[in-house]
Amino acid sequence: KRSWLSRLKAGLSKTSSTLTTLFVGARIDDDLYEELESALLVSDAGVEATQFLLDALKKKVKEEKLTEAEQVKTALKTLLLDLLTPLEKPLELGRHQPLVMMISGVNGAGKTTTIGKLAKHLQTHHQSVVLAAGDTFRAAAREQLTIWGERNNVTVISQESGDPAAVAFDAVASAKARGTDVVMVDTAGRLPTQLHLMEELKKIKRVIAKGMDSAPHEVLLIIDGNTGQNALAQVKAFDDALGLTGLVITKLDGTAKGGVLAAIAKTRPIPVYFIGIGEQIEDLQPFNAQEFVDALLN
Ligand code: GDP
């Protein structure tokens, strides 16, 4: 079985091949910068981060009198690392009993899969987990979740005709009563028409705080790394409404959009707790800026 690092490399190869090849045998001139600019934009680094990186790179090339394309690539790696390092922050466990995490994300982002992976991760770190099935709008999802919970030693709190905020409140109460370490509150990623998703999520957040003063301690957004600039729009919208504490970026295996992390770092530097690099339960890794940059530019 290949290590996760080699899978990350393979996963980001679509992004890295365009970025890396343009340096091969290149002269340091306007053409190189132009090619780099479009490669960064194609990788979804966004206008702001792309401009920032290009300006910083030109400055560095001048100051350090770089003459080889290979040196320019190394300089770019350093700049990317500086940009992405602030996103690197581990999810700290054991700060609260229970630690309450609200999990948000639009449908299809990989929320259900990520919750499963997170539950596994938490159990590996000796944390007991209760899950609030707060996505009450997907009926089948609730049943699936209960079966999944039984198999994986995760108590799932759900309600037949549930109000998601009430489900969240019950889960927090249950965790307090049983001494469970972590509560994960799943939330809807899309609502039947008319209702406003953000209002619904804000309400859930308020009701969680009624169950436990300091909670939720974490508000996570799960985003699909393939959606590029749309991912950035989601980060902004959810952060404005909920005040995000962390991100999980999924599907970074096989994407040409790995640059989106640079866009996030430049515009909304919210910690990236984990990255998803596959569909299996173990395909979740804490974000490490150095490893990511190495995979991106090799
Ligand atoms: P939800 O609608 O947000 O709950 O999304 P799901 O968890 O159902 O995931 C949607 C699809 O994305 C499923 O086919 C998952 O297997 C897939 N998926 C989730 N995370 C990853 C990942 O990190 N890599 C890959 N390749 N697929 C993923």
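As recorded in an unreviewed UniProt entry, the chain goes by Signal recognition particle receptor FtsY and comes from Undibacterium terreum. Quoted verbatim from the Catalytic activity (unreviewed entry) heading of the UniProt record, the comment on the chain is "GTP + H2O = GDP + phosphate + H(+)".

Side note on the pattern of salt bridges
Counted according to the given criterion, the structure contains 12 salt bridges. Glu218 is paired through a salt bridge with Arg95; the nearest N and O atoms lie 2.5 Å apart. In this pair, Glu218 sits in strand 5 (residues 218-224) while Arg95 sits in the loop between helix 5 (69-84) and strand 1 (99-104), placing the two residues 123 residues apart along the sequence. For Arg95, a relative accessible area of 36% translates into the label partly exposed. The residue Lys251 makes a salt bridge to Asp224 at a minimum N-O spacing of 3.3 Å. In this pair, Lys251 is assigned in the loop between strand 6 (246-250) and helix 11 (260-267) and Asp224 in strand 5, connecting sequence segments 27 residues apart. Asp224 sits in the buried class, given a relative accessible area of 12%.

Here we look at the packing of aromatic side chains
Applying the stated criterion to the full structure yields 1 aromatic pair. Arranged with centres 5.6 Å apart and planes meeting at 65°, the rings of Phe287 and Phe292 form a pair that is edge-to-face. Judged by its relative accessible area of 5%, Phe287 is buried. Classification of Phe292 by relative accessible area gives buried; the value is 1%. Positioned over the ring face of Tyr33 is Lys58, at 5.2 Å from the centre of the ring. Sitting over the face of the ring of Phe52, Lys266 holds its NZ or CZ atom 4.0 Å from the ring centroid.

Description of the site of the ligand
Neighbouring the ligand are 17 residues, the closest being Gly108, Thr112, Thr113, Asp253 and Glu279. One of the backbone N or O atoms of Lys111 is found 2.7 Å from an oxygen atom in the ligand. Residue Gly276 places a main-chain N or O atom 3.4 Å away from an oxygen atom belonging to the ligand. Against a free-state accessible area of 580 Å², the protein chains account for coverage of 75% of the ligand. Sort the elements by how many residues they give to the shell around the ligand and helix 6 (residues 111-124) lands first, with 4 residues. Each residue belonging to the shell around the ligand can be placed in one class, and the counts come to 3 nonpolar, 8 polar and 6 charged.

A few points about the UniProt feature "domain: SRP54-type proteins GTP-binding" (unreviewed entry) in the chain
According to UniProt, the positions carrying the feature "domain: SRP54-type proteins GTP-binding" (unreviewed entry) are residues 271-284. Span residues 271-284 is 0% helix and 43% strand, its end C-alpha atoms 15 Å apart.

Each value, and the rule that gives it
- Residues numbered from 1 in each chain as written.
- Predicted model: local features only at pLDDT ≥ 70, side-chain atom pairs only at ≥ 80, totals over all residues.
- Heavy atoms only, no water.
- UniProt positions renumbered as here; feature names shortened; annotations may be inferred.
- Salt bridge = Lys/Arg side-chain N within 4 Å of Asp/Glu carboxyl O.
- Helix = DSSP H or I, 4+ residues; strand = E, 2+ residues; numbered from the N terminus.
- Buried < 20%, exposed > 50% of the residue type's maximum accessible area, 1.4 Å probe, protein only.
- Phe/Tyr/Trp six-rings, centres within 6.5 Å; stacked < 30°, edge-to-face > 60°.
- Lys NZ or Arg CZ within 6 Å of the ring centre and 35° of its normal.
- Near = heavy atom within 4 Å.
- Polar contact = N/O pair within 3.5 Å; in protein donor to acceptor, adjacent residues only side chain to side chain.
- Areas by Shrake-Rupley, 256 points an atom, 1.4 Å probe, with all protein chains shown as cover.
- Nonpolar A, V, L, I, M, F, W, Y, C, P; charged D, E, K, R; others polar.

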